[in-house]
Amino acid sequence: MAEGNPFQDLLRFERRVPPCAVVIFGANGDLTKRKLIPALYRLAYERRLTQSFATIGNSRTAMSDDDYRAKMKESVKQFLEDSPFDEDLWNDFAKRLFYVAGDVGSPDLYRAIGEKLQMVEQTFQTTGNVLFYLSTQPSHYEPVVEQIGAAGLNKGSGWRRLVVEKPFGHDLSSAGALNANIQKVFPESEVYRIDHYLGKETVQNILAFRFGNGIFEPVWNRRYINHVQITAAESIGVEGRGGYYQEAGALRDMIQNHLLQVMSTIAMEPPAHYEPGSVRDERSKLLRAIRIPKDHEVPLYAVAGQYGPSHIGGQEILGFRQEPGVDPGARTDTYAALTFHVDNWRWAGVPFYVRSGKRLPKRVTDIAVFFNQPPVSMFNREGDAPLRPNMLVVRIQPEEGISLRFLSKHPGGGMSLRPVSMDFNYGSSFGTRTPTAYETLLVDAISGDATLYTRQDMVEASWKVVQPVMNRWATCHFDFPNYDAGTWGPRESDEMLARNGHVWRVP
Amino acid sequence: MPAGVQPERILKELAGLWAGMAKGDSKGNNSSVLRACAMTLVVAAESDEDAANASGTLAELMHAHPSRAVVLRPSAEPGAMEARVFAQCWMPFGKRQQICCEQIEITASKDRLAEVPGAILGIMVPDLPVVLWARGKEWLSAPEFQLVLPLVQKLIIDSSKLGDPARAFSLMRSLQSETTYVGDLAWTRLTALRQAISHMLEDAALLPRLSAVEEIAVEYGDHPISGTYLAAWLRNGLPRARVILRRRDTEPSSIRFSGQGLDISMEFGANLIVRIDGMEHKAALPVPGECDLMREELSILESDPVFASVFETAEQLAKGGTPS
């Protein structure tokens, strides 16, 4: 569309989405209220949505269009980040916001959605383009997709796409079954599996950092890099999601998807082009190169943890098993740490340590790349502690940026070295507002750019990597809880690194 | 007469400034600052008051474009030539470190202007782009200024301060070179309007019909240069249409596309209202502040093909000619 517009100005205008209707299943849920509708409103605020745009929400709750608009208006006011709320703009946006109540298993719902889609196509010229967004509970994914197909809504005068939220299955076989069922209705090229970590500016910045500069790639390999640590820590507990979380756990909830995608971004080969096929091919290749542990190796390479009660800052903190909605005997991993090995020429022999947990001392997600020591320590005297290696830290949240630790001479006489840090603070160096991951990913899906979405083979490759760990853990009787809330996880996790002579960094 | 401005001394003062900030305060609190710099931004102010206004804009601008800012401040006092250095710092919301940028203020009387280019040469940040923001026409006509231009990757002016369109465009043409791009805030002010127009016309059903446009009438209020730019941009988009540009004394300004079976009218002020086939569409047009305009211009340090081609058409429209 934009190619045909003689008034386009690519240098100065924001990228804008083509005409379309977005159908959200689970339109009354938390994700829709907190993320999706605020992101769409924000895109409207920045004039990135065309007039030929409409949103249709669905959930079981009976509501009129106006009731739904009023509800979403409150959500936008509450959850809009870094932006003012504009009443006039909302009214314009709300004119294109509709609601259809109904059970996702009932064919009547899809007839009603079909009629609504016809109406918005005629009224707003959405040109038959439809993006179906699955924001429901995962057990509804397959029935919804099946019904979309049965009602013929997967075909029309424009494109028809499907956005699927995680989790994509709960293990390798269910992910395969889900993918197979989805592909009966939507071709793979029209399926957008969302991993919001890939939509984060700083994760995208890893690509810019690695492949936009000439100085890092030459040292980005086993000759210079000793090991890599990826941490995603949360200071909070399960926050009312105990029921869901006890079925998921840290390995499924964070590592299988978000952190393996981050790892693939940090470790993949340079794509030939910055376009969806090339970038996703390289991510996929990396995931497929991760060594799959054998059952007897799991205890060496994977550690599970669960937090127990504690006192933090004078407050009593409940243990996981005491959280509301959690089975008092739950064996869920609220902490998981794994050692991955990538069997390719670039990374052979370099361990990637990945950990994620709840109720850790702080909320932080970062990647630390530890370089090898210089071959000769000419500045070390006998009895001195070993010099600290160079380290590059990519901070994903909360203070996005990149730091390089290196050694510098301490001022004064003698040749005493001390580590110093050279910092690039992304959010502060570019003080302008950065789009939320959902804004980025929604625009991408509507524009047909799947670069930041995961593909079937990537999802299945990442399940393959963690499946042996899940299998082993399912039969283990852990002595849970094994770490106190507010600490950096179980002792076994430290021991896992110590076996290689490494230590977890304190982020 | 003061001794003048010595770049080495300024750089030494800057180094001292950073060393002092790294030490923290007298109570031993380490203030933990982060130094950021992406370019040298030379700001040529028109007066004391203008320099104060520019400093306010710079403080805001540094968040998006951290720079070593050099503010040139004209002085009425004969023989005046001095410099002072300071840091512009801010604490990003929720962060622990202050971000700081350097600012150097050079005050010079007319009789010492010749020393300014040498001073700027010595204090530019090496290996980073140099941008010159000339806030008034006084500087643009100073011969000393011509010495600075070759060092500059981009010159930013506001042609709405330069008089009528023909004279303004002629001056701008003389300032352009192979190595210096000229950006014009009068053009930047139109971005929100242009984007809204572009988006309104991007409708799938409407786009093919635009080839039927025979005439584009632009009626523009207070800012003839912006009106000329707008007409030129529309003309470049639809080169077969005849463009009529009229001054209008009352708000709002308007655009009308007409042709066989097609009538699109637009009115704009605080909002853009577009009427197409009896349907009315509305988009908010926020008024950009000086900082917004500069932020946009500083993000384009390379050539801007759309502006370059609009500028050529605008020159011809201003001369009263028909663009070829």
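Residues numbered from 1 in each chain as written. Chains lettered and ligands numbered in written order. Predicted model: local features only at pLDDT ≥ 70, side-chain atom pairs only at ≥ 80, totals over all residues. Heavy atoms only, no water.

(A) Spotlight on the overall build of chain A. Each helix and strand in chain A was counted, giving 15 helices and 18 strands. Taken over C-alpha atoms, the radius of gyration comes to 24 Å for chain A, in line with the 23 Å a tight globule of 507 residues would show. When its C-alpha atoms are laid out on the principal axes, chain A stretches across 80 × 60 × 45 Å. For chain A, with 507 residues in total, the buried portion stands at 55%. Pairs at least 24 residues apart make up 77% of the contacts formed inside chain A by residues separated by at least 6 positions. Accessible surface for chain A amounts to roughly 21300 Å². Of this, 52% is attributable to carbon and sulfur atoms. (Helix = DSSP H or I, 4+ residues; strand = E, 2+ residues; numbered from the N terminus. Rg over C-alpha atoms; globule rule 2.2 N^0.38 Å. Buried < 20%, exposed > 50% of the residue type's maximum accessible area, 1.4 Å probe, protein only. Contact = heavy atoms within 4.5 Å. Areas by Shrake-Rupley, 256 points an atom, 1.4 Å probe, with all protein chains shown as cover.)

(B) Examining helix α5 (residues 141-150) of chain A more closely. Residues and elements named next belong to chain A. What α5 keeps buried is the set Tyr141, Val144, Val145, Gln147 and Ile148. End-on, the buried residues of α5 take up no more than an arc of 165 degrees, which puts them together on one face. With respect to the buried face of α5, the exposed residues turned more than 90 degrees away are Glu146 and Ala150. Immediately beyond the C-terminal end of α5, within one or two residues, lies glycine 152, with a positive phi of roughly 75 degrees. (Arc of directions from axis to C-beta.)

(C) Expanded view of the interface of chain B and chain A. In this complex, chain B contributes 46 residues to the contact, which on the side of chain A involves 31 residues. For the pair chain B and chain A, the number of links is five residue pairs in polar contact (both at pLDDT 80 or more). Secondary structure elements with two or more residues in the side of chain B that touches chain A: α7 (185-188), α8 (191-201), α9 (224-237), β14 (279-284), α10 (290-298) and α11 (305-318) of chain B. Top contributing element to the side of chain B that touches chain A by residue count: α8(B), with nine residues. Residue composition of the side of chain B that touches chain A, grouped by class: 24 nonpolar, eleven polar and eleven charged. (Polar contact = N/O pair within 3.5 Å; in protein donor to acceptor, adjacent residues only side chain to side chain. Nonpolar A, V, L, I, M, F, W, Y, C, P; charged D, E, K, R; others polar.)

(D) Just a nonpolar patch on the surface, in detail. Together, Val376(A), Met378(A), Phe379(A) and Met415(A) make up an exposed nonpolar region whose accessible area comes to about 430 Å². Locating Phe379(A) in the fold gives a position in the loop between β14 (364-371) and β15 (391-397). (Patch = residues over 30% accessible without salt bridge, like charges linked within 9 Å, V, L, I, M, F, W, Y side chains within 5 Å. Salt bridge = Lys/Arg side-chain N within 4 Å of Asp/Glu carboxyl O.)

(E) Quick peek at the packing of aromatic side chains. The full count for this structure, using the stated rule, is 29 aromatic pairs over all chains. Summarising the aromatic geometry, the rings of Phe169(B) and Phe311(B) are spaced 5.5 Å apart at their centres and angled 80 degrees between planes, so their arrangement reads as edge-to-face. A residue pair is termed long-range when its members are at least 10 positions apart, and Phe169(B) in helix α6 (residues 165-175) and Phe311(B) in helix α11 qualify at 142 residues. The exposure classification of Phe169(B) matches that of Phe311(B), with both residues buried. Measuring from centroid to centroid gives 5.5 Å for Trp187(B) and Phe307(B), while their planes differ by 35 degrees, and the two rings are tilted. Note that Trp187(B) is positioned in helix α7 and Phe307(B) in helix α11, a separation of 120 residues in sequence. Its relative accessible area of 0% is what places Trp187(B) among the buried residues. By the ring-pair criterion, three or more aromatic residues cluster together here, those being Tyr245(A), Tyr307(A), Phe320(A), Tyr335(A) and Tyr483(A). The ring of Tyr197(A) has Lys200(A) lying over it, and the distance from NZ or CZ to the ring centre is 5.2 Å. The residue whose ring lies beneath Arg194(B) is Trp233(B), and the NZ or CZ to ring-centre distance is 5.2 Å. (Phe/Tyr/Trp six-rings, centres within 6.5 Å; stacked < 30°, edge-to-face > 60°. Lys NZ or Arg CZ within 6 Å of the ring centre and 35° of its normal.)

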